[in-house]
Number of protein chains: 2
Amino acid sequence: MKALWLENQKLSLRHDLPVPEPRPGYALVRVRLAGICATDFEMTRGYYPFTGILGHEFVGEVVAAPDGSAWMGKRVVGEINIACGECATCTRGYPTHCERRAVLGIRAVHGAFAEYLELPLKNLHEVPDAVPDDIAVFCEPLAAALEITQQVHIQPGERVLLVGAGRLGQLIAQVIALTGCALQAVIRHDYQRKILEQHGIETISEGMVRTGGWDKVVEVTGSPGGFNLARRAVRPGGMIVLKSTFKDDVQVNLSSIVVDEITLVGSRCGPFEPALALLASGQVDPSVLISARYPLDEALEAFRYAGEPGVLKVLLAPAD
Amino acid sequence: MKALWLENQKLSLRHDLPVPEPRPGYALVRVRLAGICATDFEMTRGYYPFTGILGHEFVGEVVAAPDGSAWMGKRVVGEINIACGECATCTRGYPTHCERRAVLGIRAVHGAFAEYLELPLKNLHEVPDAVPDDIAVFCEPLAAALEITQQVHIQPGERVLLVGAGRLGQLIAQVIALTGCALQAVIRHDYQRKILEQHGIETISEGMVRTGGWDKVVEVTGSPGGFNLARRAVRPGGMIVLKSTFKDDVQVNLSSIVVDEITLVGSRCGPFEPALALLASGQVDPSVLISARYPLDEALEAFRYAGEPGVLKVLLAPAD
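Definitions and cut-offs
Residues numbered from 1 in each chain as written. Chains lettered and ligands numbered in written order. Predicted model: local features only at pLDDT ≥ 70, side-chain atom pairs only at ≥ 80, totals over all residues. Heavy atoms only, no water. Buried < 20%, exposed > 50% of the residue type's maximum accessible area, 1.4 Å probe, protein only. Helix = DSSP H or I, 4+ residues; strand = E, 2+ residues; numbered from the N terminus. Arc of directions from axis to C-beta. Axes fitted to C-alpha atoms, helices over the stretch in contact; angles between N-to-C directions. Parallel < 35°, antiparallel > 145°, perpendicular 65-115°, else oblique. Left-handed = near helix turned anticlockwise from the far one by under 90°. Contact = heavy atoms within 4.5 Å. Nonpolar A, V, L, I, M, F, W, Y, C, P; charged D, E, K, R; others polar. Polar contact = N/O pair within 3.5 Å; in protein donor to acceptor, adjacent residues only side chain to side chain. Least-squares fit on C-alpha atoms with pLDDT ≥ 70 in both. Buried area = accessible area lost by both parts, 1.4 Å probe. Salt bridge = Lys/Arg side-chain N within 4 Å of Asp/Glu carboxyl O. Pairing = 2+ DSSP bridges.

### As for helix α6 (residues 190-198) of chain A
Residue pairs spaced three or four apart in an α-helix point in one direction, given the helix's 3.6 residues per turn.
All names here are of chain A.
And step 1. Inspection of α6 places Gln 192, Ile 195 and Leu 196 among the buried residues, and these make up the whole buried set. Mapping the buried residues of α6 onto a view down its axis gives an arc of 100 degrees, with all of them on the same face.
And step 2. Residue Gly 200 follows α6 closely and has a positive phi angle near 75 degrees.

### Some thoughts on the packing of helix α4 (residues 139-151) of chain B against helix α9 (residues 272-281) of chain B
For any two helices packed against each other, one specifies the inter-axial angle together with the distance between the axes.
Residue and element names in this part refer to chain B.
And step 1. In contact at an axis separation of 8 Å, α4 and α9 are set at 110 degrees when each is read in the N-to-C sense. Considered as vectors, α4 and α9 are oriented roughly perpendicular to each other. Handedness of the α4/α9 crossing: right-handed. On α9, the residues touching Cys 139, Glu 140, Leu 142, Ala 143 and Leu 146 of α4 are Phe 272, Pro 274, Ala 275, Leu 276, Leu 278 and Leu 279.
And step 2. The residue inventory of the contact of α4 with α9, partitioned by class, reads 10 nonpolar, no polar and one charged.

### Brief notes about the side chain of Asp 215 of chain A
And step 1. With respect to the element layout, Asp 215 of chain A can be found in strand β15 (residues 214-219).
And step 2. There is a polar contact of 2.6 Å between the side chain of Asp 215 of chain A and the side chain of Arg 235 of chain A.
And step 3. In contact with Asp 215 of chain A, not counting residues within four places along its chain, are Glu 158, Arg 159, Val 234, Arg 235, Gly 238 and Met 239 of chain A together with Tyr 94 of chain B.

### Looking at the environment of Pro 295 of chain B
Residues and elements named next belong to chain B.
And step 1. Note that Pro 295 resides in strand β19 (residues 290-295).
And step 2. Overall, the relative accessible area of 18% leaves Pro 295 in the buried class.
And step 3. Considering only alpha carbons, one finds Pro 295 and Ser 244, 51 residues apart in sequence, at a separation of 28 Å.
And step 4. Beyond its immediate sequence surroundings of up to four residues, Pro 295 is in contact with Leu 316, Ala 317 and Asp 320.

### Some points on the relation of the copies chain A and chain B
And step 1. The transformation that overlays chain A on chain B combines an axial shift of 0.0 Å with a rotation of 180 degrees, and the residual RMSD is 0.0 Å. Given the turn and translation reported, the copies of this chain are related as if by a two-fold rotation axis.
And step 2. Both copies share a contact surface, since 100% of the interface residues of chain A are interface residues in chain B too.

### Description of the interface of chain A and chain B
And step 1. Each partner contributes to the interface: chain A provides 39 residues, whereas chain B provides 39 residues.
And step 2. Summed over both sides, the interface of chain A with chain B buries roughly 3300 Å², with 53% coming from carbon and sulfur.
And step 3. On the chain A side of the interface with chain B, the three residues burying the most area are Leu 254, Val 258 and Glu 261 of chain A, jointly 20% of the side's total.
And step 4. For the pair chain A and chain B, the interface holds zero salt bridges.
And step 5. Broken down by element, the side of chain A that touches chain B gets its largest block of residues, five residues, from helix α8 (residues 254-259) of chain A.
And step 6. Here the side of chain A that touches chain B is built from residues that sort into 16 nonpolar, 11 polar and 12 charged.
And step 7. Looking at chain direction, strand β18 (residues 263-266) of chain A and strand β18 (residues 263-266) of chain B are connected through three bridges and run antiparallel. Bridge pairing in β18 of chain B links Val 265 of chain A to Thr 263 of chain B.

Next comes the structure, spelled out in structure tokens:
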């Protein structure tokens, strides 16, 4: 089958890969649409030493499943963490943090930029008919955005600042706006402002960030500059949610974290079912984030385009 | 009056200082007993550029108060943050984080290692008769320990690790044990173990710290080594409470904080009334922490002794 292969931080389009033969408990999924995200770019810069098929955002169709499973033919999205179910972390009830987890297209298992992938049945979620493919493909990043409100109680009226209004930041903005908080987003580019304002979200420039002006700040840049801006913006006693990974260690003034009683919350993958519900109801609308759709054959060009300034979500369609 | 003076990071005993003349809304307090804490040592190492009388843990007696105040003659402890009441942080309801705050013996106002001090009436708390001076003097650090359970919900049965079993750590251990959690404390010295075990608290050595073995970790060392131990000990999805200030910035792997969804909580000063209640009921007993009592005249020798290994709380008594 065709797939986009990562090896030694280099991408290549391959046509010689075998269709996966699903292990027991796994389904074979034909990929209908997949999305390129910032983590994929970081993988090409060595964020994690991975050799294999890249990609973890997808919507697909179950074409093989064990024991005449009821999943056959279903349109699905899939959670990307494959837990062992047996380690201390799993048995304590935190499977997304499994010590031996594989992660779709990131660690130990092939990903979604391919004609087919395999995933455990327990990772799958059926997509409601009301959600078309090009919306369902946003389920994984939207779930990650919802992890914020899963972990943190954002109250109506609270002053919340979003630092980083790119692909994931836009979804986070829509999710946080649903809480009724007073949300503002720091924008660097006019296209970011336009999309946010379409959703009624107030934008400010970096120069308008007041010291200590926000109760909670969500950092989505994964850069030391973004972290420092977030640190400056949060009020004493406030909270910073860290939503993006950082390439290197960051020098942190922990004393000021103590004195100002700041809370830092690391946030990663989130719940799929609420994400599907928000997509089905239209309360979150990612369609405006789609910049382009490419056939999988043109995946290398798609990657190049996805890295251009102002480009948000680029989709890959194996069947196009 | 006599007082212990800090200037250019050097301590000196002075006899030439004027008794404070309390400003409007302030009381004049005769200091009965004061405690030396780790922050005082950090002040002598330049933690904060302060010139004046050191000391912020005390119990005293109101000897002058405005308008025939009902406070006259009362035995009191006092909150150390003096808020302006007018800045944005104060008016939003976070006076302990006042942007213009003075802090007793730490920032802008003279402290408690003196015969007399002045504090706003609103900072004072009357000490119940059942609490003798050498217990009441622990109110400020005990309140700081209680700030942890004020900020963080520690559930019965949760696995909690304390890193740092010195002066403040011992009080924190007693407070956290009251939650019914499964508390263990990392000890470095046999005297730490003995005091903790007197209070039924389990101790372990650093070598017994398992990676990811605790739901919550409280860091009280203020050292990069302590932080790294806490980071290693906390489970994915767990929490680290930072209770001590750090002299320098610390290199933090923020990506691992994101991926493991760790929460860091900075924690500083806490509520005095609950602290007094726990001292009055005997549910927290700091008496075992008293290593020595010196007259204020011997404050320099007291400081030297307080810095020796194995020494916990050293008290200064102006009237001795």
